[in-house]
Every structure is written in structure tokens, then in C-alpha cells.
Amino acid sequence: MVLADAKAGTRNEAGILAVLGVLKQALGERFQTGESFRAQHAHTTTYIPSQLPDGVVFAETSEDVRTVVKACAEHKVPVIPFGTGSSLEGQVNAPQGGISIDFSRMNRILEVNAEDLDCTVEPGVTREQLNTYLRDTGLFFPIDPGANASIGGMASTRASGTNAVRYGTMKDNVLSVTVVTANGEEIRTARRAKKSSAGYDLTRLFVGAEGTLGVLTSITLRLQGIPQKIAGGACAFADIKAACDAVIMTIQMGVPVARIELLDAVQMRACNRYSGLTYDEKPTLFLEFHGTDETVALQSAQFAEIAAECGGGEFLWTSNAEERNKLWKARHDAYWACRALAPELAALSTDVCVPISRLAECVAETQADIEAHGLLAPIVGHAGDGNFHVLVLFDETPEGIAMVEDFVTRLNARALAMDGTCTGEHGIGQGKMAFLEQELGGAVDLMRQIKDSLDPDAIFNPGKIFRRH
Ligand SMILES: Cc1cc2nc3c(=O)[nH]c(=O)nc-3n(C[C@H](O)[C@H](O)[C@H](O)COP(=O)(O)OP(=O)(O)OC[C@H]3O[C@@H](n4cnc5c(N)ncnc54)[C@H](O)[C@@H]3O)c2cc1C
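Please read all numbers here as calculations on a predicted model, not as lab measurements.

1. Some remarks on the sheet that holds strand β2 (residues 55-58)
1) Next: One open sheet holds the 4 strands; their spatial order is β1-β2-β4-β3, and the pairing between them is mixed. Each having just a single partner strand, β1 (31-32) and β3 (79-82) make up the two edges of the open sheet.
2) Next: Where helix α4 (residues 62-75) meets the sheet, its contacts fall on β2, β3 and β4 (99-102), and the angle it forms with β4 comes to roughly 170°.

Below, the structure written as C-alpha cells:
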């Protein structure tokens, strides 16, 4: 099903040829058409084959972006924005060819308004770059996908990460964007005010649009104060249901956790091996609390009680920065730790999200499914949001791919039956188009109408999110 959805689209050969000529002339070395450049900008982290663009523009200014969009609009050629290419559902593939816009050179931090707790950045700024820059201001940007993704890519996939349970996702942390639209003009969707009732919420329309409605050229973000005290630790449980029950109780009781992450026994084995840890290889929660000396101690004690009630082991917590960093580095390296379990196998990282009260049921049924089908597929997730990932390791043969597709279909059916979503944070791309239709039905037609109205010639990242009628 996924391979069928990702099939190559019709190429506009004459238009592409014309655009190649225009951009060569206009952009010089900022425009590259070599095979290796094109291949780097179409890799996918799935079994969907790479579909290469015809050229890559290393944009340095929004003027460069406008030049590309105007040329592509005139000749009806696809434009595929590219951040760091870490998206997981084939989002940067070019099924109809076209021009990839790489934002790695548009990586300036344009302004930091410390007194207003906001900043404006170019789309190629990465989350680690931003936090390094902010370090001396006492502020930080909390959204932290496992990859060192770009802010433009994160806004466009509506990304989140381990801190979302406390600070929200990109949807909550983008105040405004500037966008180059299909006519080559640049618009700004909002000012810096923390709230606004001014017209349609265009900011949220572009956040999560996966580059299908326009190209972001700057993003204004909310920032947070670095907490006075940070404490955290890990707690093991006898089985996955008990660990999920502890998450549910923690959230329902309103304990303001900053992070509460679930790792199943296989994931713990992978992390121990990869990151040199010595944890029990049982389902485990990694937690973090942000506040003052008193509040983090109180929250840690509250969680320890909940864990004990759910049959968990001792909750050992620390505010020692080095120990905490080791724990969270291991969590952020979870994907690579899984890959290292069986380097000869391919991997597919897939995510779903369910209402928090259904988390234990959804994860337990998924684990039973993994066991019943003899899959090697660690579960790890941002459990406090009801969001979890399965990293399926498989032989990249037709049988192996069919097995993964069947598993992903069952996983999504399970999440949707619980009134959940087919993706909490990875987005739709090419990989989840069929599940989006199942999830939202007629609402996808309204999305199509919005797309038709903003991008009548379908130049922006075609073949993603949904098929046009
Ligand atoms: C190891 C690993 C761990 C991960 N963990 C998480 C996680 O915890 N949470 C999470 O949410 N995701 C996670 N991801 C997925 C990925 O990091 C996110 O989807 C991220 O937001 C993608 O950012 P990027 O810069 O790589 O964007 P890309 O992959 O380059 O692009 C993603 C999409 O955004 C569009 N886009 C990029 N820049 C622009 C722009 N300027 N204007 C318009 N559209 C644009 C692209 O066209 C594409 O559709 C993980 C990925 C990996 C490999």
C-alpha cells in the first residue's frame, strides 16, 4: 500500500528543463544538479525508494527562495523544501522530480527578545544550534525530536519530542511564520503577541503542512526559562502494562512531569548495549521534573508513590547534571541503539498516539502483536502524551516489507479504534496517506480544497499527505 502511494508521479520534462536553465543562470554555485547532491536530498528512512529531485538550491536568503518559487510556478515544476532530511515518512522525496530547496545556509538567528521570551530564526537553524546560542540568556527552546532537526522541518512536520508533555509541540511553540506562497510573494502570518484573535489562524495552517502549502523563510518561536532545578531518573516495571498504568496515573493526577518516556525491555537491552548502561532489562520509565528544589523533590516523591502502587521498582532520582545527561543522551540515541541490535536489517520507525486513558491497552496489544508475529520491534515513546513509536527491524525483501506493512496497518487500526491518530509527531508524508483517509475521511477533502486554493498548480511538495483528486 505504501509503495503504491509513493509511486513516481508524472514529470513535467519541458518545465523542468526550463527551470534548470533559469536557476543555473540566476543562482550560480548555489544551484547544484550533480547526482550525489540530488541523492542526498531524497534519501528516506523507510523502504520507500529514493525519488531524486532534478536540482538542489542552497538558499541563502528569502530572495533566493522567491526566485525558485517564481521559476517553478511559471513552469509548473515541484518545489520540495529540505531541512535536515530526518523526517520518517518519505517527506523529502521528489516523486515528480523538481527542485529541492536546502536551508542549511539559511541558519541565522535573526533576533532574540529575551524580555518577551521569544526569538525569530531562519528555517535552517537546528534545535541544538538554537539552544547553544541561547545558553547564556537563561532561556531554552524545549522541542527536541531525536534528530538534530531544523526549525523549518520541525515546524513543517508539527514535531515534538520528550518535553512535549510539559511544553507542548511545535503547534504550541510557533508564534508566527513568514512564508513564500505560490505567487512568489512573502507573507507573515502573525505578529509576536502571545495571543491573537486576528482572523484565520494561518500560522497553524502552515505548521504541519509538510511543505505542501508554501515555503517557510522565518519562524518566530516561544522560549522558556531554564528551570532553577532539574531532577530525573528511571524506574523499572514488571511488565509494559504496569509501566503504562503508572504513566496514566501520573498524568491524571496532574503531576507536572517535564518528561515521562517509556522504553520496553528490548529497547532497554538495546540502550544498555549501545550507551554502556547497566539498567534492568525490563519495561522502564525515564522521567524528568523541572522546578525548584522543593517542587522537584515533591514531584519525585509523588511519582515514587505512584510507581510503587503500580508494582514498579525503586525510583532513584538525581539532580546531578552529568548523570541526567547520560540518561537522556541514551534516550535520544534510542533509534541508533535499536539499529545496532541487528545492523544487517532495515528499520522502520512508526508512531501512533492515543488518548492517555487508552495508552496501556494500546501498547499492551501492540506488544502482544509483535510477539505473536515474531517481530524484532522495540517500543519507545513519549508516553505522557499517549504517543509511542515502534521501530520494526526487518529483512528488506518483498516478504519482509509485506510483513511490516501488515504490522503498521494493524497498529494504525488499533490506534484509530481507540479514537487516536495515525501519527502523533512524524507526519503523513508518503507513508501514511491511506491512514489519514481512514482517520479523517471527509476532512481530507477540505484539506484538498485548501491545497487547491493556495497552490493551484500543485507545485509545493506534491505526492505528500494526500493524493489530489
Ligand atoms: C533518530 C530520529 C529520531 C526522531 N525523533 C523524533 C521525535 O522524537 N519527535 C519528532 O517529532 N520527530 C522525530 N523524528 C523525525 C524528524 O526528526 C522530524 O520529523 C523533524 O521535524 C524533521 O526535521 P528536518 O529538519 O529533518 O526536516 P526534513 O526531513 O528536511 O523535512 C520535513 C518536512 O518539512 C518540510 N520542510 C522542511 N523545511 C521547510 C521549510 N523551510 N518550509 C516548508 N517546509 C519545510 C519538508 O518539505 C518535509 O515535508 C526523528 C527522526 C530520527 C531520524
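Once you've had a look at it, read on.
2. Notes on the packing of helix α16 (residues 398-417) against helix α17 (residues 433-440)
1) Next: Running from N to C, α16 and α17 point in directions that differ by 20°, and their axes come no closer than 11 Å. When the axis of α16 is compared with that of α17, the two are roughly parallel. Once α16 is placed against α17, the crossing between them reads as right-handed. Only Phe435, Gln438 and Glu439 of α17 make contact with α16, whose side of the interface consists of Val408, Thr409, Asn412 and Leu416.
2) Next: Residues that form the contact of α16 with α17 fall into these classes: 3 nonpolar, 3 polar and 1 charged.

3. A look at α16
1) Next: Here α16 contains 20 residues, and its C-alpha end-to-end distance of 28 Å stays within 8% of the 28 Å for a straight helix at 1.5 Å per residue.
2) Next: In this fold, the buried residues of α16 make contact with α1 (2-5), β16 (346-353), α15 (359-372), β18 (387-394) and α17.
3) Next: Of the residues trailing α16, Asp419 is marked for its positive phi of about 65°.

4. Some details on the packing of aromatic side chains
1) Next: Overall, the coordinates contain 8 aromatic pairs when judged by the stated rule.
2) Next: When the centroid spacing of 5.8 Å and the interplanar angle of 75° are considered together, the rings of Phe37 and Phe58 count as edge-to-face. Taken as a pair, Phe37 in helix α3 (residues 35-40) and Phe58 in strand β2 lie far apart in primary sequence, 21 residues in all.
3) Next: Residue Phe37 is classed as partly exposed on the basis of its relative accessible area of 28%.
4) Next: Take Phe58: its relative accessible area is 11%, and that puts it in the buried class.
5) Next: Between Phe140 and Tyr167 the ring centres are 5.6 Å apart and the planes differ by 90°, which places this aromatic pair in the edge-to-face class. Of the two residues, Phe140 sits in strand β7 (residues 139-140) while Tyr167 sits in helix α7 (residues 164-167), which places them 27 residues apart along the sequence. The same class applies to Phe140 as to Tyr167, namely buried.
6) Next: Note that Arg259 overlies the ring of Trp328, its terminal NZ or CZ placed 4.3 Å from the centroid.

5. A word on the domain arrangement of the protein
1) Next: One can read the domain layout of the protein as domain 1 (2-104 + 448-454), domain 2 (109-225), domain 3 (229-334) and domain 4 (336-427).
2) Next: Opposite the 23 residues of domain 3 that make contact, domain 4 presents 21 residues.
3) Next: In total, about 1900 Å² of surface goes out of reach between domain 3 and domain 4, with carbon and sulfur atoms giving 68% of it.
4) Next: Linking domain 3 with domain 4 are 0 salt bridges, by the criterion used here.
5) Next: For the interface between domain 3 and domain 4, the tally reads 10 residue pairs in polar contact (both at pLDDT 80 or more).
6) Next: Only α10 (240-252), β13 (259-263) and α11 (265-275) provide two or more residues apiece to the side of domain 3 that touches domain 4.
7) Next: Here the side of domain 3 that touches domain 4 gets 8 residues from one element, more than from any other, and that element is α10.
8) Next: Looking at side-chain class alone, the side of domain 3 that touches domain 4 contains 13 nonpolar, 2 polar and 8 charged residues.

What counts and what doesn't
- Residues numbered from 1 in each chain as written.
- Predicted model: local features only at pLDDT ≥ 70, side-chain atom pairs only at ≥ 80, totals over all residues.
- Heavy atoms only, no water.
- Pairing = 2+ DSSP bridges.
- Helix = DSSP H or I, 4+ residues; strand = E, 2+ residues; numbered from the N terminus.
- Contact = heavy atoms within 4.5 Å.
- Axes fitted to C-alpha atoms, helices over the stretch in contact; angles between N-to-C directions.
- Parallel < 35°, antiparallel > 145°, perpendicular 65-115°, else oblique.
- Left-handed = near helix turned anticlockwise from the far one by under 90°.
- Nonpolar A, V, L, I, M, F, W, Y, C, P; charged D, E, K, R; others polar.
- Expected span 1.5 Å × (residues − 1).
- Phe/Tyr/Trp six-rings, centres within 6.5 Å; stacked < 30°, edge-to-face > 60°.
- Buried < 20%, exposed > 50% of the residue type's maximum accessible area, 1.4 Å probe, protein only.
- Lys NZ or Arg CZ within 6 Å of the ring centre and 35° of its normal.
- Domains from an automatic or database assignment.
- Buried area = accessible area lost by both parts, 1.4 Å probe.
- Salt bridge = Lys/Arg side-chain N within 4 Å of Asp/Glu carboxyl O.
- Polar contact = N/O pair within 3.5 Å; in protein donor to acceptor, adjacent residues only side chain to side chain.

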